[in-house]
Amino acid sequence: MHTATNILALQSELQHLIDTKTKPLGALGILEDIALQIGLILQTHRPVISNPRIVVFAADHGIAATGLVNPFPQAVTAQMVLNFIHGGAAINVFCRQHAIGLTVVDAGVNFDFGDPVSLNKLIHAKIGYGTLNYLEGDAMSRAEVQRAVEEGRGVVETLFHAGCNCIGLGEMGIGNTSSASLIMSFVTGIPVEECIGRGTGTSDEQLERKIDCLRRAAGLHAKAIAESAMGTPGGPGQAYTILQHVGEFEIAMMVGAYLKAAELKMIILVDGFIATAALLLARAIDPSVQNHCIFAHTSGEQGHEKMLRWLGARPLLNLGMRLGEGTGVALAFPLVQSAVNFLNEMASFESAGVSNRESLGK
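Residues numbered from 1 in each chain as written. Predicted model: local features only at pLDDT ≥ 70, side-chain atom pairs only at ≥ 80, totals over all residues. Heavy atoms only, no water.

## A short note on the overall build of the protein chain
Here comes step 1: When helices and strands are tallied, the protein chain shows 15 helices and 6 strands.
Here comes step 2: Relative to the 2.2 N^0.38 estimate, which gives 21 Å for 362 residues, the radius of gyration of the protein chain is 21 Å and therefore close to what a compact globule would have.
Here comes step 3: When contacts within the protein chain are restricted to residue pairs at least 6 apart in sequence, long-range pairs at least 24 apart make up 73% of them.
Here comes step 4: Carbon and sulfur atoms make up 54% of the accessible area of the protein chain, which amounts to about 15,000 Å² in all. (Helix = DSSP H or I, 4+ residues; strand = E, 2+ residues; numbered from the N terminus. Rg over C-alpha atoms; globule rule 2.2 N^0.38 Å. Contact = heavy atoms within 4.5 Å. Areas by Shrake-Rupley, 256 points an atom, 1.4 Å probe, with all protein chains shown as cover.)

## Let's talk about the layout of surface pockets
Here comes step 1: Put simply, the second largest pocket is a space of about 320 Å³.
Here comes step 2: Of all elements in the fold, only α1 (4–19), α2 (30–42) and α10 (249–263) reach the threshold of two or more residues within the lining of the second largest pocket.
Here comes step 3: Within the lining of the second largest pocket, the residues separate by chemical class into 5 nonpolar, 7 polar and 2 charged. (1 Å grid on protein atoms, 1.4 Å probe; cavity = no way out; pocket = protein on both sides within 12 Å on 5 of 7 lines; lining within 4 Å. Points joined across faces, edges and corners; volume = space filled by probe spheres on them. Nonpolar A, V, L, I, M, F, W, Y, C, P; charged D, E, K, R; others polar.)

## Focus: the nonpolar core
Here comes step 1: Within the largest apolar cluster, 77 residues are counted, with the highest numbers of intra-cluster contacts made by Phe57, Ile167, Tyr258 and Ile268.
Here comes step 2: Every residue in contact with Ile268, bar those within four places of it in the chain, is listed here: Ile167, Tyr258, Ala261, Ala262, Val289, His292, Cys293 and Ile294.
Here comes step 3: Counting 43 residues, the second largest nonpolar core, distinct from the first, contains Ile34, Ile54, Ala330 and Phe333. (Core = buried A, V, L, I, M, F, W, Y, C linked by side-chain atoms within 4.5 Å. Buried < 20%, exposed > 50% of the residue type's maximum accessible area, 1.4 Å probe, protein only.)

## Focus on the sheet that holds strand β4 (residues 166–172)
Here comes step 1: If you trace the 6 strands from one edge of the open sheet to the other, you get β3-β2-β1-β4-β5-β6, paired in parallel fashion. Across the chains shown, the open sheet's two edge strands, defined by having one partner strand only, are β3 (123–124) and β6 (293–295).
Here comes step 2: Of the strands in this sheet, β1 (53–59), β2 (101–108) and β4 touch helix α3 (residues 76–85), which is tilted by about 140° from β4.
Here comes step 3: Packed onto the sheet, helix α4 (residues 90–98) meets β1 and β2 and runs at close to 150° relative to β2. (Pairing = 2+ DSSP bridges. Axes fitted to C-alpha atoms, helices over the stretch in contact; angles between N-to-C directions.)

## Some thoughts on the environment of Leu259
Here comes step 1: Its location among the elements puts Leu259 in helix α10.
Here comes step 2: In sequence terms Leu259 and Ala4 are 255 residues apart; their C-alpha atoms lie 21 Å from each other.
Here comes step 3: Each residue touching Leu259, except ones within four places of it in the same chain, is listed here: Arg153, Ala282, Ile285, Asp286 and Val289.

## Quick look at the packing of helix α7 (residues 176–188) against helix α12 (residues 302–311)
Here comes step 1: Where α7 meets α12, the closest approach of the two axes is 11 Å, and the angle between their N-to-C directions is 30°. For α7 against α12, the interelement crossing comes out left-handed. On α12, the residues touching Met184, Val187 and Thr188 of α7 are Gly303, Lys306, Met307 and Trp310.
Here comes step 2: Among the residues forming the contact of α7 with α12, the class breakdown is 4 nonpolar, 2 polar and 1 charged. (Left-handed = near helix turned anticlockwise from the far one by under 90°.)

## Considering empty space enclosed by the protein
Here comes step 1: Here the structure, examined in full by the defined rule, presents 1 cavity of 30 Å³ or more.
Here comes step 2: In this structure, the largest cavity encloses a volume near 30 Å³.
Here comes step 3: Lining the largest cavity we find Pro52, Arg53, Ile54, Ile100, Cys166, Ile167, Gly168, Leu269, Val329 and Phe333.
Here comes step 4: Elements with a minimum of two residues in the lining of the largest cavity: β1, β4 and α13 (327–345).
Here comes step 5: With 3 residues, the top contributor of residues to the lining of the largest cavity is β4.

## Side note on the state of the cysteines
Here comes step 1: Within the structure shown, the criterion is met by 0 disulfides.
Here comes step 2: No disulfide involves Cys164; its sulfur sits 6.7 Å from the nearest other cysteine sulfur, which is in Cys166.
Here comes step 3: The cysteine Cys213 is free of any disulfide, with Cys195 supplying the nearest cysteine sulfur at 15 Å. (Disulfide = S-S within 2.5 Å.)

## Section: the side chain of Asn176
Here comes step 1: Structurally, the position occupied by Asn176 is in helix α7.
Here comes step 2: On the basis of relative accessibility, which here comes to 5%, the residue Asn176 falls in the buried class.
Here comes step 3: Within polar-contact distance, the side chain of Asn176 engages the side chain of Glu171 at 2.8 Å.
Here comes step 4: Not counting chain neighbours up to four residues away, the residues in contact with Asn176 comprise His61, Glu171, Glu250, Ile251 and Ile274. (Polar contact = N/O pair within 3.5 Å; in protein donor to acceptor, adjacent residues only side chain to side chain.)

## Focus on the environment of Lys223
Here comes step 1: Relative to the assigned elements, Lys223 resides in helix α8 (residues 204–227).
Here comes step 2: For Lys223, a relative accessible area of 59% gives the class exposed.
Here comes step 3: Along the primary structure Lys223 and Ala89 are separated by 134 residues, whereas in three dimensions their C-alpha atoms are 40 Å apart.

## Structural notes on unusual backbone geometry
Here comes step 1: At Gln43, a position not held by glycine, the phi torsion is positive, near 60°.
Here comes step 2: Residue Gln43 is classed as partly exposed on the basis of its relative accessible area of 23%.
Here comes step 3: In this model, Ala99 sits at a positive phi of 55°, which is unusual for a non-glycine residue.
Here comes step 4: Residue position: Ala99 is located in the loop between α4 and β2.
Here comes step 5: The exposed category is assigned to Ala99, whose relative accessible area is 62%.

Now the structure itself:
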């Protein structure tokens with residue numbers, strides 16, 4: 001058992017190791033912070049990243065069937081899942097480049113993946129064939145929320161027992177930036193119109209329609225979500241209620257995945273707008289989850305920067321990306337690996353026989 005005293009001792013040891021490498025103090029910038037954080041997550045001064053993996057959760061959304069918030073048809077979700085399992089998407093390219101494993105999960109796609117290739121290369125955890133339209137009522141039942149969260153936990157636990165200690169979460173679902181915007185607004189209190197971005201391929205006219213639609217959705221569910229707080233706004237009960245009213249199956253599974261990864265003391269790499277919205281809910285359920293998180297990038301979604309600022313997060317990259325799939329995680333991973341490598345492999349002043357500032361004063 002790691003007591004607070006042991007953790008402080010480990011933190012002191014790690015900081016000493018980082019500070020006495022053959023470099024000026026702080027010269028590796030954020031990489032030094034990441035090295036310290038990973039050492040604390042894995043509870044060792046010699047951390048090793050083992051079997052890194054990105055999990056992409058995919059699902060469809062009732063709102064997307066209306067076309068009100070999405071320029072692409074709902075069928076694209078299933079088409080992209082097939083692209084993932086055949087290796088042709090951006091996330092496949094970047095995972096191959098950086099030797100990261102990839103797992104694709106059917107959380108609730110409105111399609112039956114029954115062919116032999118899909119059966120072998122896809123985790124079948126479908127809660128339903130898409131959620132309901134949250135403009136007309138709840139997106140899902142409380143039982144479906146619980147099932148989705150548990151499925152997400154189970155996926156991560158299986159990967160952990162297969163030797164993975166570093167995980168990133170991605171998503172695919174036409175229309176899911178809309179759900180993420182509503183989640184962000186309900187958790188942070190930021191007006192929903194300030195949370196909404198273009199998503200993928202949205203014109204100015206479509207964006208105005210999307211804003212109007214989500215304002216109506218926020219108004220429809222605001223009372224029930226506020227009443228669910230039970231004196232603790234932003235707490236666990238409210239997080240599950242937000243999922244029930246305006247969430248999606250893949251986002252609920254990501255919440256469970258974050259919770260389990262933190263429980264198992266894994267390194268968590270956080271992707272973009274939707275992945276961070278799921279983290280807001282996981283953090284409401286267990287605030288310690290964020291201690292395990294390294295934020296990969298700032299996406300091109302205008303709400304994401306505000307969300308990161310609200311979390312006090314420092315993302316590693318800012319490439320203007322808004323693709324999802326976990327692509328930001330895949331691109332940031334080499335920097336995370338570099339932080340571990342310098343901690344383990346870089347010489348100290350003493351071992352290299354190099355004079356440092358302290359020795360010059362003697």
